[in-house]
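# Remarks on the overall topology
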Amino acid sequence: MTVAPISPALLRPVETLPGIGTTRAKVLQKLGVRTLGDLLEYFPRDYQFESSERPVSQLVDDQIQTARGEVVAVDYIPSRPRPRFEATLDDGTDKLSLTWFHGAYLRGRIHPGMSLRVQGKVSFFRNIAKMVQAKWEVVDGDTARVEESKFRPIYPATLRLPSEMIQKIIEQNLPDALAEVEEWFDPALLHRRGMLPRREAYRAIHLPKDLDEALRARRRIIYDELMLMQLGLGISKRLREGRITAPVMRLDKLLDQRIRARFPFSMTNAQQNAVWQIARDLGSGKPMNRLLQGDVGSGKTIVALYAMLVGVANRLQAVLLAPTEVLAEQHYLTLSNLLAGSNVSLGLFTSRTKRQKKTTGLKDLAAGKLHLAVGTQALIQEDVEFANLGLVVVDEQHKLGVRQRAVLKSKGLAPHYLVMTATPIPRTLALSFFADFDVSVIDALPPGRQPIQTRWLRPSQSDSAYEFIRKQVQAGRQAYIVLPQIDDNGLEDSKSVVKEHERLGKGPLADLRLAALHGQMNTDEKHQIMTAFRDRQTDVLIATTVIEVGIDVPNATVIVIDNAERFGLSQLHQLRGRVGRGSETSYCLLISDPSNEHTEARLRAMTQTTDGFEIAEMDLKLRGPGEFFGTRQHGLPEFKLADVTNEMELLHQAKEDAQAMLAEDPRLTHPAHRHLRMALSKQLGDTLSLAQIG
Ligand code: ADP
Ligand code: MG
């Protein structure tokens, strides 16, 4: 979810802007900044009060001071119990000696030739100035020293584009961008809520005169994000309520038995309860809007299939939407196997589906010849027709669109909805984003599952991980190796799929059958690689997080996550859920240096529990208010700034204000709401105009 503005000027590509050459434009693009508007919304992650810098020769004893210079030497001394990283800085006036205890993580980050700004308490040892555990940042060697103390923003940066440079680029382009920022809300409302004007907020978040102003700017921008969300929810709710009846699906004992007979196992009590709640909704005549929440591997798919088959028995169609093509294909396979030999017809719709097949498929859907459709969200396009759609199941996609609903609504359809998720929804979010969902929880795993054994290895021990993989493969199992990036031209110095595939294939895993999988491959390639892995034609799949969600290959019993510090806790848990899906004991090996407290806490949590709810709670706690600015909770609606778990009060205000606004102006057609309406319809697709038709 974004407050992305919409004027054409804001769509100007970054490479055409002053102060940005092709090289910088490339780095910016990697950071997700493609246009002037993106730049405007590239918010600082923190602020710093910057004290003036002194030449090293003028540093004085026993005070916190700031200096800068070129790194001329580095060294890592692994002696126990306090291994340390040392660097020498030279600014032409003198040398400054820097020490970081437990600084192993700085190897490869700080190296000779780079310019650093450092801040810390100065002491002298044999006439040489010294700082211990200094704060540091990479600076552009050519920029002048800071002569005056000032307050400045810190941007999420990379080695090639330091925060300082980003700041310069933004300052240079800010006036042009600000000129395009329009006010969304009534001044009286803003006054009542103590909000800065919108344009002012965008200025002050980048160029605050002090921390107080920065916080006020942030508050306004978060408010806008929350308002958009609340207005979107309000409007979609109105859309839904506009049509109160949904098809009534009947379920009796016989049908129940017939459906269960399709499953190769009996359902757990938790699954039965969920099924029962769903069946009641489906028979109620009111559209179901239910969230099915269950940890990875808890068996949500079967529950969804049950519901879909109830639909089919009632002569209604059902669709299952997956977030990725890989996952859609997997669901299709699962369903085809379970339905083999039945009269139920099933179609797959992804961008891979051949044109002709798709055309036939769509025809069959429209004619009612196809009972079930599996696809990505792209299936719900303007051109899709259903004979009698009764149920939409959405897997792992919380942002399920108001948009898809609007499309269906525009076709006069009001199906039941079931949304599946493995992410436990914090209460605050349940109150807001999922306010009008009923929730079913699957709180137990299928029987016979062995808890996944999780170990944390140092990079120096990675050979033992490969050795372990080899043993498991000899025993007939398969393995995943997950890496944080596709190729080594990424942002930071971590391992990549392409390079590791090459390295492991020549070295440590030369005797195994390896394959690489990542998001930049075309869909045919992805499909072939996934199918080969499922059919056990490859032993080890080396992948990015494309395998994060839903992939179900029970024969895979090992997952190695390298550079594990690069993943969030919930994400690590999701990835781990790729193994432990069969009756064999499974293993998760995390490879990482303990670079800081937070990483250490995350990795330790992983080795201590396999319970998704506990993990989610810890994740929240770890991220908590400790982080100055918003976080991206895996799988939850994305905001640029708002961390909904920490913005309770603002959330309540936004909810109240949005409701009041819609009560007066349900379709936001009032001229004063023009800009707001444009921002909303950009975000929600065509929903608003559809609302007017419907
Ligand atoms: P998720 O909730 O993560 O989507 P899946 O639906 O993919 O989980 O199920 C995980 C695995 O557990 C699948 O291989 C599925 O066949 C199996 N499974 C699901 N329910 C049961 C059950 N009641 N008994 C045994 N195995 C089950
Ligand atoms: Mg699943």
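Reading the values: rules and limits
- Residues numbered from 1 in each chain as written.
- Chains lettered and ligands numbered in written order.
- Predicted model: local features only at pLDDT ≥ 70, side-chain atom pairs only at ≥ 80, totals over all residues.
- Heavy atoms only, no water.
- Core = buried A, V, L, I, M, F, W, Y, C linked by side-chain atoms within 4.5 Å.
- Buried < 20%, exposed > 50% of the residue type's maximum accessible area, 1.4 Å probe, protein only.
- Helix = DSSP H or I, 4+ residues; strand = E, 2+ residues; numbered from the N terminus.
- Contact = heavy atoms within 4.5 Å.
- Patch = residues over 30% accessible without salt bridge, like charges linked within 9 Å, V, L, I, M, F, W, Y side chains within 5 Å.
- Areas by Shrake-Rupley, 256 points an atom, 1.4 Å probe, with all protein chains shown as cover.
- Salt bridge = Lys/Arg side-chain N within 4 Å of Asp/Glu carboxyl O.
- Axes fitted to C-alpha atoms, helices over the stretch in contact; angles between N-to-C directions.
- Parallel < 35°, antiparallel > 145°, perpendicular 65-115°, else oblique.
- Nonpolar A, V, L, I, M, F, W, Y, C, P; charged D, E, K, R; others polar.
- Expected span 1.5 Å × (residues − 1).
- Phe/Tyr/Trp six-rings, centres within 6.5 Å; stacked < 30°, edge-to-face > 60°.
- Pairing = 2+ DSSP bridges.

In globular proteins that are soluble, nonpolar side chains generally tend to be buried together. Grouped together as the largest cluster of nonpolar side chains are 39 residues, with contacts concentrated most on Leu 282, Met 308, Leu 372, Leu 391, Val 393 and Leu 418. Going through the elements one at a time, α7 (253–261), α8 (269–282), α9 (300–313), β10 (317–322), α10 (325–339), β12 (372–376), β13 (389–395) and β14 (416–421) are the ones with two or more residues in this core. With 10 residues, the single largest contributor to this core is α9. Apart from the residues within four sequence positions on either side, Leu 282 is in contact with Pro 247, Val 248, Met 249, Met 288, Ala 307, Val 310, Leu 391 and His 416. Judged by nonpolar contacts, the second largest core, of 34 residues, contains Leu 17, Ala 177, Leu 178 and Ala 214.

What follows covers a nonpolar patch on the surface. On the surface, Val 439, Val 441 and Phe 613 cluster together into a nonpolar patch covering about 220 Å² of accessible area. You can see Val 439 is positioned in strand β15 (residues 438–442).

The next subject is the packing of helix α3 (residues 163–178) against helix α5 (residues 198–206). Two numbers describe a pair of packed helices, the interaxial angle and the distance between the axes. Look at α3 against α5: their axes get within 11 Å of each other, and the N-to-C directions meet at 175°. Judged by the inter-axis angle, α3 sits roughly antiparallel to α5. Of the residues in α5, those in contact with Ile 170, Leu 174 and Leu 178 of α3 are Arg 199, Tyr 202, Arg 203 and His 206. Grouping the amino acids of the contact of α3 with α5 by side-chain chemistry returns 4 nonpolar, 1 polar and 2 charged.

This part covers α8. For α8, built from 14 residues, the straight-helix expectation of 20 Å at 1.5 Å per residue is met to within 8% by its first-to-last C-alpha distance of 20 Å. At its buried positions, α8 is contacted by β9 (289–294), α9, β13, β14 and β15.

Enumeration over the complete set of coordinates arrives at 7 aromatic pairs. Note on Phe 43 and Tyr 202: the rings are 6.1 Å apart at their centroids and 40° apart in plane angle, and the pair reads as tilted. Here Phe 43, found in the loop between α2 (36–40) and β1 (46–50), pairs with Tyr 202, found in helix α5; they are 159 residues apart in sequence, far enough to count as distant. Accessibility classification places Phe 43 together with Tyr 202 in one group, the buried group. Where Phe 185 meets Tyr 223, the ring centres are 5.8 Å apart and the plane angle is 70°; that geometry is what we call edge-to-face. Residue Phe 185 is located in the loop between α3 and α4 (187–192), and its partner Tyr 223 is located in helix α6 (residues 211–241); the two are separated by 38 residues in the primary sequence. Accessibility classification places Phe 185 together with Tyr 223 in one group, the buried group. By way of ring pairs, the aromatic residues Trp 184, Phe 185 and Tyr 223 are connected into one cluster.

Below, the discussion takes up the sheet that holds strand β19 (residues 540–543). Taken in spatial order, the 6 strands of this open sheet run β16-β21-β20-β17-β19-β18, and their pairing is parallel. In this open sheet, the two edge strands, each paired with only one partner strand, are β16 (453–457) and β18 (514–517). Mean inter-strand twist for the sheet, computed between neighbouring axes without regard to direction, equals 20°. Bridging between strand β20 (residues 556–562) and strand β21 (residues 587–591) involves 5 bridges; their strand directions are parallel. Bridging from a neighbouring strand, Ile 559 pairs with Cys 588 of β21. Set on the sheet, helix α15 (residues 497–506) makes contact with β17 (478–482), β18, β19 and β20; between it and β18 the angle comes to about 175°. In the packing of helix α17 (residues 569–576) onto the sheet, the strands contacted are β16, β17, β20 and β21, and the crossing angle to β20 comes to about 150°.

Across the sheet, 7 strands lie side by side as β11-β12-β10-β13-β14-β9-β15; this open sheet has parallel pairing. In this open sheet, the two edge strands, each paired with only one partner strand, are β11 (346–349) and β15. Taken over all neighbouring pairs, the strand axes of this sheet differ in orientation by 20° on average, direction set aside. α8 contacts β9, β13, β14 and β15 of the sheet and is inclined by roughly 155° relative to β15. Sheet strands in contact with helix α11 (residues 355–367) are β10, β11 and β12, and its direction is about 130° off that of β11.

To continue, consider the pattern of salt bridges. Here the idea is simple: oppositely charged side chains can pair when their charged atoms come close. According to the stated counting rule, one finds 29 salt bridges in the structure shown. Arg 68 is the salt-bridge partner of Glu 164, the closest N and O atoms lying 3.7 Å from each other. In this pair, Glu 164 is assigned in helix α3 and Arg 68 in strand β2 (residues 64–77), connecting sequence segments 96 residues apart. Since its relative accessible area comes to 12%, Glu 164 is described here as buried. Overall, Arg 68 belongs to the buried group, its relative accessible area being 9%. The salt bridge involving Arg 203 is made with Glu 213; its shortest N-O contact spans 3.3 Å. Taken as a pair, Arg 203 in helix α5 and Glu 213 in helix α6 lie far apart in primary sequence, 10 residues in all. Residue Glu 213 is classed as buried on the basis of its relative accessible area of 14%.

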